[in-house]
Amino acid sequence: MFQNIGIPGLILILVIALIIFGPSKLPEIGRAFGTTLKEFKRATSDLVSEDSSSREGTKESKETKLEP
């Protein structure tokens, strides 16, 4: 998605962000974005680990049903 932006594009985006939000708000926005990204990664890893543990549980229950 962002492969074609390049360095000039990133500089342009940064300049526009500075003009719109100002230098005082930019660190706050960066912190909020970082916190949001961290929470998203944590929630995703929790879902993946929960999914893998539920899959292991179903495998174990199928194996116990097969044994007489």
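Structure: see above.
Notes on the structure follow.

Cut-offs and rules
- Residues numbered from 1 in each chain as written.
- Predicted model: local features only at pLDDT ≥ 70, side-chain atom pairs only at ≥ 80, totals over all residues.
- Heavy atoms only, no water.
- Helix = DSSP H or I, 4+ residues; strand = E, 2+ residues; numbered from the N terminus.
- Buried < 20%, exposed > 50% of the residue type's maximum accessible area, 1.4 Å probe, protein only.
- Areas by Shrake-Rupley, 256 points an atom, 1.4 Å probe, with all protein chains shown as cover.
- Patch = residues over 30% accessible without salt bridge, like charges linked within 9 Å, V, L, I, M, F, W, Y side chains within 5 Å.
- Salt bridge = Lys/Arg side-chain N within 4 Å of Asp/Glu carboxyl O.

1. What about the overall build of the protein?
Assigned secondary structure in the protein consists of 1 helix and 0 strands. For the protein, buried positions account for 4% of its 68 residues. For the protein, the exposed area adds up to about 6400 Å²; of that, 67% sits on carbon and sulfur atoms.

2. Some words on a nonpolar patch on the surface
Taken together, the side chains of I7, L10, I11, L12, I13, V15, I16, I19, I20, F21 and I29 define a hydrophobic patch exposed on the protein surface, amounting to about 1100 Å² of accessible area. Within the secondary structure, I29 is located in helix α1 (residues 6–66). Owing to a relative accessible area of 36%, I29 belongs among the partly exposed residues under this scheme.

3. Structural notes on the pattern of salt bridges
With the rule as written, the count across this model stands at 3 salt bridges. Residue E28 is joined to K25 by a salt bridge in which the shortest nitrogen-to-oxygen separation is 3.7 Å. Of this pair, E28 and K25 both sit in helix α1, separated by 3 residues, roughly a single helical turn. Several salt bridges converge on common partners, so that one network encompasses E39, R42 and D46.

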